[in-house]
Structure formats: structure tokens, C-alpha cells
Amino acid sequence: MAIEQSNCIRRFVRTCTDGWEQGWHERNGGNLTYRMSPEDVQVCEPYFSLDAGDHDHQWHDLGVTAANMAGQFFITTGSGKFMRKVSVDLEGCVGIVEINAKGDAWRIVWGLRGGGRPTSEFPTHVMNHSVRAEATNGANRVIYHAHCPNVIALSTLIEPDARTWSRILWKSMTECIIIYPEGVGVVPWMVPGGADIAKATCELMKKYQACVWTQHGLFVSGDTFDNAFGLMHTIEKSAGLYLSACAANGGNPPTKLISDEQLRDVCKAFHVSPNEDFLD
Ligand code: 2HA
Ligand code: ZN
């Protein structure tokens, strides 16, 4: 077997390709990380290497500390790498990174050949893995960031407010509230790749599975690649439906959005508890 055939790498690559095909990843836009299970590590370990020459093998400061991520291994897209190229140049675009025993440094153990580094959002991803693992009792393994065009367009029109966003998204497509009954968090416009956006996102991800990054895109989590991708897709589609309905209505908000009562009925039928703060 080659490492390319492992389930975790196959699913990682498929997610990158799916996101590219959706039009979410212009140039080097977006990034994906996966926290490997012990079985994943066992399957991939024979391919790990700490020899100089294959890739940078030094420990590097993470810039933050995530104690519950100590000793974990992550598959990550590389800084400046293109999602479009992941399926054709896996070892150049993607790496496996180990977190040290203190949870404050990383080193590459596989991939990112030719001097590659983990995504510029790696500290943000690791901090959010830490928060989501805590919030889901270890179930969450995927953090995914994409430049979804409809979400970005909508963020240029409405206030960066979680209640406003959640209501619009829930009310534009019936099954949204089943997928994210807690709603979505919203991070106001911030410089990407820094400590501030990492902290702001982490604070919100204690409560939400997904956060809008105003005029930038979407940041989601999930237990599996399918669920993280599906959440991204559901939110992006709903934002697009709202925008098309506004356009079809001469630029005015749609007149027949799903009512609060209907949202409650859906929740009842599907046994989910909505975030009551966001319902009238
Ligand atoms: O990886 O999308 O937010 C490039 C980005 C940073
Ligand atoms: Zn981005």
C-alpha cells in the first residue's frame, strides 16, 4: 500500500477536490486540517520520516498552546498551496504534522516536500480543534475553511451579527435548522492568519459548529469530512438562495421566508433543539 491509499488521505484529498469543484478555492484560498485517529496514525506511520532532505523536520513554535492537542497528528494543507493541485501533487501540497508533548510546537513528519509549511491558519485550526474536541467529547476531527462566494457576497450586505445571519440561513431552506440548530457564529472583518481571528473564532466555536468570516468566507468543523463538507455546502447554498431570491425580488428581501412557527415545527419533527435566542 502507498500512503495515498489510506482512508484518511483519500478522504482528505476528495474533500479538497470537491471544494475546488464547488468554486470555493481560488488560487491558494481556503485550508483543511484533519486530526488523525490512532488507527490512521498506525496506517500512515511507516511513511513518516524525520530525515533532513525529504522535508523540513525541525520543531517550530505554534504561537499558541493547545494542551489537549499534545501528541496529536494532523493532516494539513500547505501554506500558499492550491486546493486545485492537491489531487495531482499530494506530497507537495499536503503534510502530516505532529504536535509536541506540550501542545505548543509542531514538526512535519510526512509531505510538504520542498520546504512547504502548514497552512497560514494552522494555529487557528489547532486552537479550534482543541475547542471543538472539548465541546464534542473528542468526536470532532475536521476543521475546514473555504472562500464560499455566496457567504462572502451576503456578508457585504447584512450586519455581522449571529442572530441576523442564522435567521436568514434557516429561513431560506427548510432543512438548515436541522443541520445547525445552534445557528452560526459571525466574526467581524479581521486580518486573516493572525492571533486575533484565531481567538475570536475559538470563542464562538465553543458554541457553534460554523462561523462566518465577514467578507472572507466560512470556517466549519465536523466529526467526519462528509459532515464538515456538508455543513459548508448547506450554509453556502442557503446564502445563495437568499441572494437569488432578493435579486428576483428587485433587490428587496424575499416576502415568504420560512416563518418562526414553521422552524419550530421542523425542529419538533426532527427532534432538534433550536437556539431559542434566535427565534421570535
Ligand atoms: O489559506 O484562505 O485565510 C489561505 C486562506 C487564509
Ligand atoms: Zn481564507
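Preceding this paragraph is the structure being described.
Quick caveat: nothing in here was measured; it's all calculated off a predicted structure.

## Digging into the site of ligand 1
Here comes step 1: Neighbouring residues of ligand 1: Asn 28, Gly 29, Gly 30, Asn 31, Glu 121, His 145, His 147 and His 216.
Here comes step 2: His 147 is positioned such that a nitrogen or oxygen atom in its side chain is 2.9 Å from an oxygen atom of ligand 1.
Here comes step 3: Contact distances for ligand 1 include 3.1 Å between an oxygen atom and a side-chain N or O atom of His 216.
Here comes step 4: Protein burial of ligand 1: of its 220 Å² of free accessible surface, 88% is covered by the chains.

## Considering the packing of helix H1 (residues 7-22) against helix H9 (residues 225-248)
Here comes step 1: Their axes nearest at 10 Å, the elements H1 and H9 cross at an angle of 15 degrees. It follows that H1 is roughly parallel to H9 by the angle criterion. The chirality of how H1 crosses H9 is right-handed. Between H1 and H9, the residues in contact are Cys 8, Arg 11, Phe 12, Thr 15, Asp 18, Gly 19 and Gln 22 and Phe 225, Phe 229 and His 233, respectively.
Here comes step 2: Taken together, the residues that form the contact of H1 with H9 break down as four nonpolar, four polar and two charged.

## Quick notes on helix H4 (residues 122-135)
Here comes step 1: The end-to-end C-alpha distance of H4, which contains 14 residues, comes to 20 Å, matching closely the 20 Å that a straight helix rising 1.5 Å per residue would cover.
Here comes step 2: Taken together, the buried positions of H4 are Phe 122, Thr 124, His 125, Val 126, Met 127, Asn 128, His 129, Ser 130, Val 131, Arg 132 and Ala 133.
Here comes step 3: Positive backbone phi, at 55 degrees, marks Asn 137, one or two positions downstream of H4.

## Points about the coordination of the zinc ion (ligand 2)
Here comes step 1: Distances from the zinc ion (ligand 2) to its protein donors, namely His 145 (NE2), His 147 (NE2) and His 216 (NE2), fall within the range 2.0 to 2.1 Å.
Here comes step 2: Expressed as a motif, the donor residue spacing for the zinc ion (ligand 2) is H-x1-H-x68-H. Of this pair, His 145 sits in strand E6 (residues 142-146) while His 216 sits in the loop between strand E8 (210-213) and strand E9 (217-222), and the two are 71 residues apart along the sequence. Across the pair, His 216 and His 145 agree in class, each one buried.

## Things to note about the sheet that holds strand E4 (residues 94-99)
Here comes step 1: The nine strands are arranged E2-E5-E4-E3-E1-E6-E9-E8-E7 in an open sheet whose pairing can be described as mixed. Either end of the sheet is taken by a strand with one partner, and the two such strands are strand E2 (60-61) and strand E7 (185-187).
Here comes step 2: Of the pairings in the sheet, the one linking E6 to E9 comprises five bridges and is antiparallel in character. Looking at the pairing, Ile 143 lines up with Ser 221 of E9.

## Here's the deal with the side chain of Lys 171
Here comes step 1: Looking at the element boundaries, Lys 171 is found in helix H6 (residues 162-172).
Here comes step 2: At a separation of 2.9 Å, a polar atom in the side chain of Lys 171 contacts the main-chain carbonyl oxygen of Ile 258.

## Brief notes about the pattern of salt bridges
Here comes step 1: Following the criterion strictly, the structure yields ten salt bridges and no others.
Here comes step 2: Measuring nitrogen to oxygen at the nearest pair gives 2.7 Å for the salt bridge that ties Arg 163 to Asp 280. Here the residue Arg 163 occupies a position in helix H6, and Asp 280 occupies one in the segment after helix H10 (260-269), the gap between them amounting to 117 residues.
Here comes step 3: The exposure class assigned to Asp 280 is exposed, which follows from its relative accessible area of 61%.
Here comes step 4: A salt bridge links Asp 260 to Lys 171; the nearest nitrogen and oxygen atoms lie 2.9 Å apart. Taken together, the positions of Asp 260 in helix H10 and Lys 171 in helix H6 put the pair 89 residues apart, joining distant regions of the chain.

## Section: unusual backbone geometry
Here comes step 1: One non-glycine residue, Leu 112, adopts positive backbone phi at about 45 degrees.
Here comes step 2: Considering the arrangement of structural elements, one finds Leu 112 in the loop between strand E5 (105-111) and H4.
Here comes step 3: Notably, Asn 137 is not glycine yet its phi reads approximately 55 degrees, a positive angle.
Here comes step 4: Along the chain, Asn 137 turns up in the loop between H4 and E6.

## Some thoughts on the packing of aromatic side chains
Here comes step 1: Taken as a whole and assessed by the stated rule, the structure comprises ten aromatic pairs.
Here comes step 2: Relative to Phe 278, the ring of Trp 170 lies with its centre 6.2 Å away and its plane at 50 degrees, an arrangement referred to as tilted. With Trp 170 in helix H6 and Phe 278 in the segment after H10, this pair connects stretches of sequence that are 108 residues apart.
Here comes step 3: Given the relative accessible area of 0%, Trp 170 is considered buried.
Here comes step 4: An aromatic cluster is present here, built from Phe 12, Tyr 34 and Phe 225 joined pairwise through their rings.

Each value, and the rule that gives it
- All residue numbers refer to positions counted from 1 along the written sequence of the respective chain.
- The naming scheme follows written order: chains are lettered A onward, ligands numbered 1 onward.
- With the structure being a predicted model, the display of local features is reserved for residues of pLDDT at least 70 and the display and counting of side-chain atom pairs for 80 or more, all residues being used for whole-chain, interface and lining totals.
- Side-chain descriptors were evaluated using all non-hydrogen atoms of the structure, hydrogens and water having been removed beforehand.
- Proximity is defined per residue: if any heavy atom of the residue lies within 4 Å of a molecule or strand, that residue is considered near it.
- Throughout this description, a polar contact denotes any pair of N or O atoms lying within 3.5 Å of each other; where both atoms belong to protein, one of them has to be capable of donating a hydrogen while the other can accept it, and for residues adjacent in sequence the pair is counted only when both atoms sit in side chains.
- Only the protein chains shown count as cover for residues, and all accessible areas are computed by the Shrake-Rupley method using a 1.4 Å probe.
- Axes here refer to lines fitted to C-alpha atoms; in helices the fit is confined to the stretch in contact. Angles between the N-to-C directions go from 0 to 180 degrees.
- Helix and strand definitions here come from DSSP, where helices need a minimum of 4 consecutive H or I residues and strands a minimum of 2 consecutive E residues; each element is numbered from the N-terminal end.
- Each angle is binned into one of four classes, with values under 35 degrees roughly parallel, values over 145 roughly antiparallel, values of 65 to 115 roughly perpendicular, and all other values oblique.
- Take the far helix as the reference: if the near one is turned anticlockwise from it by less than a right angle, the crossing is left-handed, and if turned clockwise, right-handed.
- Residue contacts are defined here by distance: any two heavy atoms, one from each residue, within 4.5 Å place the two residues in contact.
- Each residue is assigned to one of three groups, with Ala, Val, Leu, Ile, Met, Phe, Trp, Tyr, Cys and Pro labelled nonpolar, Asp, Glu, Lys and Arg labelled charged, and all others, Gly among them, labelled polar.
- Here a helix's expected span is defined as the number of its residues, less one, multiplied by 1.5 Å.
- Residue exposure (1.4 Å probe, protein chains only): buried if accessible area is under 20% of the type maximum, exposed if over 50%, otherwise partly exposed.
- Here a donor is any nitrogen, oxygen or sulfur atom (N, O, S) within 2.8 Å of the metal, with 3.2 Å used for Na, K and Ca; water is not among the atoms considered, so some sites may look incomplete.
- We treat two strands as partners when DSSP finds at least two bridges between them.
- A pairing counts as a salt bridge when a side-chain nitrogen of Lys or Arg comes within 4 Å of a carboxyl oxygen of Asp or Glu.
- Think of it this way: a Phe, Tyr or Trp ring, Trp meaning its six-membered ring, pairs with another when their centres are within 6.5 Å, and the plane angle makes it stacked under 30 degrees, edge-to-face over 60, tilted otherwise.

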